[in-house]
Amino acid sequence: MAAATAAGAAAAAAAVSLVACYLLVYKSSLRVPWARTTRSSNASGRRARRRGLVEAIGNTPLIRINSLSDATGCEILGKAEFLNPGGSVKDRVAVKIIEESQIIEALGATVERVRPVSITHREHFVNIARRRALEANKSAAEKRELNTAQTNGVAHDHSETMDDMLAAMQREPDNTQTNGQAHASTEILHSEKCDSTSDSKGGFFADQFENMANYRAHYEWTGPEIWEQTKGTLHAFVAAAGTGGTIAGVSRYLKEKNRNIKCFLMDPPGSGLFNKVTRGVMYTKEEAEGKRLKNPFDTITEGIGINRVTRNFMMAELDGAYRGTDREAVEMSRFLLRNDGLFVGSSSAMNCVGAVRVAQDLGPGHTIVTILCDSGMRHLSKFFNDQYLADHGLTPTATGLEFLGK
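1. With respect to the pairing of strand 8 (residues 367-372)
Logical step 1: Burial analysis of strand 8 places six of its six residues in the buried class, the great majority of the element.
Logical step 2: Burial along strand 8 is two-sided: Thr367, Val369 and Ile371 facing one way and Ile368, Thr370 and Leu372 facing the other are all buried.
Logical step 3: The pairing of strand 2 (residues 75-80) with strand 8 spans six bridges and is classified as parallel. Within the sheet, the bridge partner assigned to glycine 78 lies in strand 8 and is threonine 370.
Logical step 4: Pairing analysis gives two bridges linking strand 5 (residues 236-239) to strand 8, with the strands arranged parallel. Looking at strand 8, one finds that phenylalanine 237 is bridged to valine 369.

Right under this line is the structure:
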């Protein structure tokens, strides 16, 4: 519990610093060297020369999805986020988190950068964070014990216990996976808080689910791009949510520009957000008592759907929600590939299902925007694997949009 407390304290300190610096950098005339100027979203800027990889992120085109537009009588537009340098809408979030973490670092926090490895590897950021938390507790405990020993001469063996735990983790092999779960110590022997006078610097956990830099990336960046690219003429925006950053940032920005713009959630199977938006209760039948499985197969879609409300999602301003199925997502992806040449991933396909649902409800003549999160290249092992789909009864058979019912 002590390690968790220490990690929580470090995260809280980082969050406070993050908000303070955000207000300082973005709400005043003061600028720091790494704070980028306001991002241009004009069409000419899209073709301009970019200075480095980071400047190539954003200003993605808004594509008219011809097949869906012609079928519904609406203008259905997809924000082509798969054209970002990293191939995903997450490029925006990554840049924003890094920018704001640099602000944190400038205030004195230690920001440890790690290489991307499997979560089963001892150098994965989660495992590193666990070790750093124990190290922080060990440092604080040793300082307290030293003070105690100096005052009453009582010896403690706690530091040896912490040394043993750290040494054991150092001996962990690269692959520590057990029964599909990354190994983690669930018992911390020290239950006291870190000493507030300790000179150990805090850490920084990116945490895209709760880090509000995620929301800000889309409020300050993606939303304005959509507004400018549509010249403010859109009627609705629809997207699925995982971390909640995209739908929260975009919906809030668009609503501030025009309260009449309708914003909707598209939720996959196994996620409780649909009921949260429509009924105010976080619930899904897969989570019902006696129904929850140890290793549930909720949905083939990846990166969307969740059974808790994140800080980012709390910022969303929504008018309603739709629920999609795995089959609809699979069929939509093949329909887009055949008719529009769009090779998109599962979340993008689900978003397009949502766009058609909105178009059907609003009627012809409306402009609807959604997000094409990433390409199908990241979904080859499941979503575009014929054998995997057959094993789960999801082999696509539709020739048109009949799989959507209406």
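Next comes the rest of the write-up.
2. Brief notes about unusual backbone geometry
Logical step 1: Non-glycine residue asparagine 59 carries a positive phi angle of around 50 degrees.
Logical step 2: Inspection of the secondary structure puts asparagine 59 in the loop between helix 2 (43-47) and strand 1 (62-64).
Logical step 3: Judged by its relative accessible area of 12%, asparagine 59 is buried.
Logical step 4: The phi angle at lysine 231 is positive, at roughly 55 degrees, despite the residue not being glycine.
Logical step 5: Inspection of the secondary structure puts lysine 231 in the loop between helix 7 (213-229) and strand 5.

3. Notes on the nonpolar core
Logical step 1: Judged by nonpolar contacts, the single largest core of 40 residues is most densely connected at Ile65, Leu68, Ile76, Met332, Leu336 and Ile368.
Logical step 2: Within the residue set of this core, elements represented by two or more residues are strand 2, strand 5, strand 6 (262-267), helix 10 (326-340), helix 11 (346-362), strand 8 and helix 12 (386-391).
Logical step 3: For this core, the element with the most residues is helix 11, which contributes eight residues.
Logical step 4: Once you skip the residues sitting within four places of it in the chain, leucine 336 turns out to touch Ile65, Ser67, Leu68, Gly341, Leu342, Val344 and Cys352.
Logical step 5: Judged by nonpolar contacts, the second largest core, of 29 residues, contains Leu234, Phe313, Ala316 and Cys373.

4. As for the packing of helix 7 against helix 8 (residues 245-257)
Logical step 1: Two elements in contact, helix 7 and helix 8, have axes whose closest approach is 7 Å; the angle formed by their N-to-C orientations is 50 degrees. By the angle class used here, helix 7 and helix 8 are oblique. Considering how the two elements wind past one another, helix 7 and helix 8 form a crossing that is right-handed. Residue-level contacts link Asn214, Tyr215, His218, Tyr219, Thr222, Gly223, Pro224, Ile226 and Trp227 of helix 7 to Gly245, Thr246, Ala248, Gly249, Val250, Arg252, Tyr253, Leu254, Glu256 and Lys257 of helix 8.
Logical step 2: Looking at the contact of helix 7 with helix 8, its residues break down into nine nonpolar, seven polar and three charged.

5. Examining the pattern of salt bridges
Logical step 1: Scanning all chains against the criterion turns up 16 salt bridges.
Logical step 2: Between glutamate 142 and lysine 138 there is a salt bridge; the shortest N-O distance is 2.5 Å. Within this pair, glutamate 142 and its partner lysine 138 are both found in helix 5 (residues 125-152), separated by four residues, close to a single helical turn.
Logical step 3: We classify lysine 138 as buried; its relative accessible area is 15%.
Logical step 4: Where arginine 357 meets glutamate 328, a salt bridge forms, and the shortest distance between an N and an O atom there is 2.6 Å. Of the two residues, arginine 357 sits in helix 11 while glutamate 328 sits in helix 10, which places them 29 residues apart along the sequence.
Logical step 5: Taking relative accessible area as the criterion, glutamate 328 reaches 9% and is therefore assigned buried.
Logical step 6: Salt bridges here are not isolated pairs; linked through shared partners, they connect Lys79, Glu81, Arg92 and Glu225.

Rules behind the numbers
Residues numbered from 1 in each chain as written. Predicted model: local features only at pLDDT ≥ 70, side-chain atom pairs only at ≥ 80, totals over all residues. Heavy atoms only, no water. Buried < 20%, exposed > 50% of the residue type's maximum accessible area, 1.4 Å probe, protein only. Helix = DSSP H or I, 4+ residues; strand = E, 2+ residues; numbered from the N terminus. Pairing = 2+ DSSP bridges. Core = buried A, V, L, I, M, F, W, Y, C linked by side-chain atoms within 4.5 Å. Contact = heavy atoms within 4.5 Å. Axes fitted to C-alpha atoms, helices over the stretch in contact; angles between N-to-C directions. Parallel < 35°, antiparallel > 145°, perpendicular 65-115°, else oblique. Left-handed = near helix turned anticlockwise from the far one by under 90°. Nonpolar A, V, L, I, M, F, W, Y, C, P; charged D, E, K, R; others polar. Salt bridge = Lys/Arg side-chain N within 4 Å of Asp/Glu carboxyl O.

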